[in-house]
Amino acid sequence: MTPVQRSSFGPNLDRRAFLRYSALTGAALGGSGLLAACGGSGGSSSGSSADGSKYGTVAVQLSWLKNIEFAGEYFADSKGYYKDAGFGSVNLIAGGAASTSVEAGLDTGKIWIGMSAPQTTAPAVLEGLPAKIIGTTYQKNPFCIVSSAAKPIKNPQDMKGRKIGVQDSNQLIFNALLTANGMKPGDVTIVPAQFDPSPLANGEVDGWVSYVTNEPITLTAKGFENTNFLFADYNLPLVAETLTVKQSTIDKERDKLKAFLIAEIKGWKDAVADSAEAARLAVEVYGKDQKLDLAEQTKEAAAQNGLVASAETKANGLFTMTDQLIEQNVAALKSAKIDIKADKLFDLSVLRELFAEHPELK
């Protein structure tokens, strides 16, 4: 299945194929493919640029195709928040299974910042990529187990003795879920799966590894009543859609990074406040070529708001991570056999400085 193909249960169901536990995925492409075709650049240095703006143009790689997941970026662009922050333009580059990873884009200098995930960035850092996560859009990872409402799987223990459809690229995170809950792979019957959840709807399996913002909604739209539980609620509290940059950006372009974050925060505040407009921007403007369904995207927008905003973000600001959440992520990565120290992967200092300087953004 290619990124532009769709299953009978809605668009982009192969989305998790991109979130692999591998370092510098696609780095061998050497910057060819999507990134080069888009003509994105890492961005100009601080100071007056060729277009007259303070920071010039920067390339931002999204973690997936242009759907509702990047509503905040759409608002920041369409409402002029990026321009107000000093950028001539911000090139939002779609990710996807056919593209190189955010980590590879940073390594080759094709992008300036990207949206990734701890389980993808950590192995790259361990392999030598000088990069850090400076904030996170999703406070909770959207991974979940979805099941039939008639035969619900309400928690990890309920999976014992039952058939669970698991995609190849999600085997590690699924095994990490089992480990984090005192279980072993042998406690369940793992059924190799693709990304179309038809086997669940057809009764061939009892549970399905999915994204809470996608398959549960598309299954319901097809008349299949379902329920789910989040991995993040059961000892695997990984964040997602993390803002990732090279260490040199933190060290040498701090003001530029703060300016970008200001625009991002404003954009995501708008997205959380207006799911209908977020969906419209995704369907009619930024993801127009994806032929997205407006009703589904609106529901997905509302669902993702629960992952973006939390009691902590209301207190500390969007994208922030508490020290406790950072440590929980490090522990969760260890469950996935990725052993890394917090200070090697996370640096929230720029974001914390920004909110101290601009408390009105909280």
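As shown above, the structure is provided for reference.
A quick note: this is a predicted structure, and the numbers were derived from the prediction, not measured.

One pass over the full model with this rule turns up nine aromatic pairs. Residues phenylalanine 143 and tyrosine 211 carry aromatic rings whose centres are separated by 5.2 Å and whose planes lie at 90° to one another, so their mutual orientation is edge-to-face. Here tyrosine 211 lies in strand 8 (residues 207-211) and phenylalanine 143 lies in strand 5 (residues 143-148), a separation of 68 residues in the sequence. Judged on exposure class, the residue phenylalanine 143 and its partner tyrosine 211 are both buried. Considering the side-chain rings of phenylalanine 143 and phenylalanine 231, the 5.8 Å spacing of their centres and the 25° angle between planes classify their relative orientation as stacked. Of the two residues, phenylalanine 143 sits in strand 5 while phenylalanine 231 sits in the loop between strand 9 (226-230) and strand 10 (240-246), which places them 88 residues apart along the sequence.

With respect to the secondary-structure elements, glutamine 167 resides in strand 6 (residues 163-167). Here glutamine 167 falls in the buried class, since its relative accessible area comes to 0%. Of note is the side chain of glutamine 167, whose polar atom sits 3.1 Å from the backbone oxygen of glutamine 194.

Take the pairing of strand 4 (residues 131-138) next. Burial analysis of strand 4 places eight of its eight residues in the buried class, which makes it a mostly covered element. Bridge analysis of strand 4 against strand 10 gives six bridges, and the strand direction is antiparallel. Opposite threonine 136, over in strand 10, you have threonine 242 as the bridge partner.

If you look at the biggest cluster of nonpolar residues, it comprises 92 residues, and the most contacted ones within it are Ile113, Ile145, Met159, Ile164, Phe174 and Phe231. No other element matches helix 10 (residues 254-273), which puts nine residues into this core. Here this core spans two domains, and each of domain 1 (57-140 + 238-361) and domain 2 (143-233) adds at least three residues to it. Grouped together as the second largest cluster of nonpolar side chains are eight residues, Ala59, Val102, Leu106 and Ile111 included.

Here cysteine 144 is to be found in strand 5. On the basis of relative accessibility, which here comes to 0%, the residue cysteine 144 falls in the buried class. For the pair cysteine 144 and threonine 213, spaced 69 residues apart in sequence, the C-alpha to C-alpha distance is 9.4 Å. Beyond its immediate stretch of four places on either side in the chain, cysteine 144 contacts Trp208, Val209, Ser210, Tyr211, Val212, Pro216, Asn228, Phe229, Leu230 and Phe231.

Moving on to the pattern of salt bridges. All chains considered together, the criterion is met by nine salt bridges. The residue lysine 140 makes a salt bridge to aspartate 233 at a minimum N-O spacing of 2.6 Å. Placement of the pair is lysine 140 in the loop between strand 4 and strand 5 and aspartate 233 in the loop between strand 9 and strand 10, with a sequence separation of 93 residues. A relative accessible area of 32% places lysine 140 in the partly exposed class. The closest approach of N and O atoms between glutamate 353 and arginine 254, which form a salt bridge, is 2.9 Å. Separated by 99 residues along the polypeptide, glutamate 353 in helix 16 (residues 349-357) and arginine 254 in helix 10 bring together distant segments of the chain. Overall, glutamate 353 belongs to the partly exposed group, its relative accessible area being 29%.

Before going further, it helps to examine the sheet that holds strand 7 (residues 189-193). Within the open sheet, the five strands sit side by side as 7-6-8-5-9. Their pairing is mixed. In this open sheet, the two strands that pair with only one neighbour each are strand 7 and strand 9. With direction set aside, neighbouring strand axes in the sheet form an average angle of 35°. By the bridge criterion, two bridges tie strand 6 to strand 8 in an arrangement that is parallel. Bridge pairing in strand 8 places isoleucine 164 opposite glycine 207. Along the sheet, helix 6 (residues 171-180) contacts strand 5, strand 6, strand 7, strand 8 and strand 9; its crossing angle with strand 6, the most-contacted strand, is approximately 140°.

Attention now goes to the pairing of strand 10. Burial runs high along strand 10: six of the seven residues are buried. With three bridges connecting them, strand 3 (residues 113-116) and strand 10 associate as antiparallel partners. When the bridges of strand 10 are listed, glycine 114 appears paired with threonine 244.

Now for the sheet that holds strand 3. Either a parallel or an antiparallel arrangement is found when strands of a sheet pair, and the pairing is made through backbone hydrogen bonds. The five strands lie next to each other as 2-1-3-10-4, forming an open sheet whose pairing is mixed. What marks the edges here is a single partner per strand, and that holds for strand 2 (87-93) and strand 4. Pairwise comparison of adjacent strand axes, ignoring direction, gives a mean angle of 25° for this sheet. Pairing analysis gives two bridges linking strand 1 (residues 56-61) to strand 3, with the strands arranged parallel. Residue pairing in the sheet places valine 60 in a bridge with isoleucine 113 of strand 3. Contacting strand 1, strand 2, strand 3, strand 4 and strand 10, helix 10 runs over the sheet at an angle of about 65° to strand 2.

The rules behind these values
Residue positions are counted from 1 within each chain, in the order its sequence is given. Only residues with pLDDT of 70 or above have their local features reported here, since the model is predicted, and side-chain atom pairs are shown and tallied only from 80 upward, although totals for entire chains, interfaces and linings are computed over all residues. Only hydrogens and water are removed before side-chain values are computed, so all heavy atoms of the structure are retained for them. Each pair of aromatic rings taken from Phe, Tyr and Trp, with Trp reduced to its six-membered ring, is defined by centres within 6.5 Å and is described as stacked if the planes are under 30 degrees apart, edge-to-face if over 60, and tilted in the remaining cases. Labels follow the DSSP assignment, with helices taken as runs of H or I lasting at least four residues and strands as runs of E lasting at least two, numbered in each case from the N terminus. For each residue, the accessible area found with a 1.4 Å probe, counting protein chains only, is set against the maximum for its type, and the residue is called buried under 20%, exposed over 50%, and partly exposed in between. Side-chain atoms alone can form a polar contact between residues adjacent in sequence; in general such a contact is a pair of N or O atoms within 3.5 Å, and within protein one must be able to donate a hydrogen while the other accepts it. When DSSP finds two or more bridges between two strands, those strands count as paired. The set of buried Ala, Val, Leu, Ile, Met, Phe, Trp, Tyr and Cys residues whose side-chain atoms join them within 4.5 Å is what this entry labels a nonpolar core. What counts as a domain boundary in this text is fixed by an automatic or database domain assignment. Only heavy atoms enter the contact rule, under which two residues are in contact if any of them lie within 4.5 Å. Think of a salt bridge as a Lys or Arg side-chain nitrogen and an Asp or Glu carboxyl oxygen that are within 4 Å of each other. As a rule, the C-alpha atoms of each element are fitted with a line to give its axis, helices using only the stretch in contact, and angles between N-to-C directions run from 0 to 180 degrees.

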